[in-house]
Amino acid sequence: MDIKEIQNLIKFVAKSGASEVKLEMDDIKITIKTGGEDKGESTTYVQQIPINQPVTQAIPAAPAAEPAKEAPAAADDAKYITIKSPIIGTFYRKPSPDKPVFVEVGTSIGEGDVLCVIEAMKLFNEIESEVSGKIVKILVDDSSPVEFDQPLFLVDPS
């Protein structure tokens, strides 16, 4: 089970209103406890159970395969500035469901312009641009979980 699946499970449990969920699989135990809307608390425990096979064999293989795929794209994107997520949370392109998106591909932006919001622990954090330029690519889908330092936008500074 990877981090995205765990994050999606946490979101699902939070929306369902359940107060506690326990999930046990072969190599992992997850307990999610929510204090409810009125308490504003939420606790998640993830416990990795050691398995008989050494895990170190699988870890070096995955990173070696990824850079080979991204190398051609990285050369094209080298001239662009990458705007990354400063926090972990859920990425939203709109301030609310009935409002228009903050930016589209091709939008000219300046320093301090709001690009998106990231929801973390029921707080919506506006992410502002630190550079001026034009949005070339939006790297994250709306309403999807993002991690710290994950690329969100590519900006052409020229």
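Structure: see above.
Description of the structure in this document. Being a predicted model, the structure only gives us computed values, none of them experimental.

### So, the overall build of the protein
- Along the protein, the regular secondary structure elements total two helices and 11 strands.
- Secondary structure elements in the protein, listed N-terminal to C-terminal, are α-β-β-β-α-β-β-β-β-β-β-β-β.
- Looking at the protein alone, contacts between residues at least 24 apart form 51% of all its contacts between residues at least 6 apart.
- Within the structure as shown, the protein displays about 10800 Å² of accessible surface, and the carbon and sulfur contribution to it stands at 54%.

### Some words on the packing of aromatic side chains
- All chains considered together, the criterion is met by two aromatic pairs.
- With a centroid separation of 6.0 Å and 55° between ring planes, the pair formed by Phe91 and Phe153 is classed as tilted. Taken together, the residues Phe91 in strand β5 (residues 89-92) and Phe153 in strand β11 (residues 151-156) connect sequence positions 62 residues apart. Residues Phe91 and Phe153 agree in their burial class; the two are buried.
- Between Tyr92 and Phe124 the ring centres are 6.0 Å apart and the planes differ by 45°, which places this aromatic pair in the tilted class. Taken as a pair, Tyr92 in strand β5 and Phe124 in strand β8 (residues 123-128) lie far apart in primary sequence, 32 residues in all.

### A closer look at the side chain of Gln150
- Within the element layout of this structure, Gln150 appears in the loop between β10 (144-146) and β11.
- For Gln150, a relative accessible area of 18% puts it in the buried group.
- Apart from residues lying up to four places away in sequence, Gln150 is in contact with Lys4, Ile83, Lys84, Ser85, Val140 and Pro145.

### Examining the sheet that holds strand β6 (residues 108-109)
- An order of β4-β11-β9-β6 is seen for the four strands of this open sheet, with the pairing classed as antiparallel. Taken across any chain shown, the strands that pair with only one partner, and hence form the sheet edges, are β4 (81-84) and β6.
- Relative to β11, strand β9 (residues 133-138) runs antiparallel, the two sharing four bridges. Looking at β11, one finds that Ile138 is bridged to Phe153.

### So, the nonpolar core
- In this structure, Phe91, Ile109, Leu115, Cys116, Ile135, Leu152 and Phe153 are the most contacted members of the largest nonpolar core, which totals 15 residues.
- Elements represented by at least two residues in this core include exactly β7 (114-120), β9 and β11.
- What Leu152 contacts, discounting residues up to four positions off in sequence, is Ile83, Lys84, Ser85, Phe91, Cys116, Ile118, Lys137, Ile138, Leu139, Val140 and Val146.
- Within the second largest apolar cluster, six residues are counted, among which are Ile6, Val13, Ile28 and Ile30.

About the criteria used
- Residues numbered from 1 in each chain as written.
- Predicted model: local features only at pLDDT ≥ 70, side-chain atom pairs only at ≥ 80, totals over all residues.
- Heavy atoms only, no water.
- Helix = DSSP H or I, 4+ residues; strand = E, 2+ residues; numbered from the N terminus.
- Contact = heavy atoms within 4.5 Å.
- Areas by Shrake-Rupley, 256 points an atom, 1.4 Å probe, with all protein chains shown as cover.
- Phe/Tyr/Trp six-rings, centres within 6.5 Å; stacked < 30°, edge-to-face > 60°.
- Buried < 20%, exposed > 50% of the residue type's maximum accessible area, 1.4 Å probe, protein only.
- Pairing = 2+ DSSP bridges.
- Core = buried A, V, L, I, M, F, W, Y, C linked by side-chain atoms within 4.5 Å.

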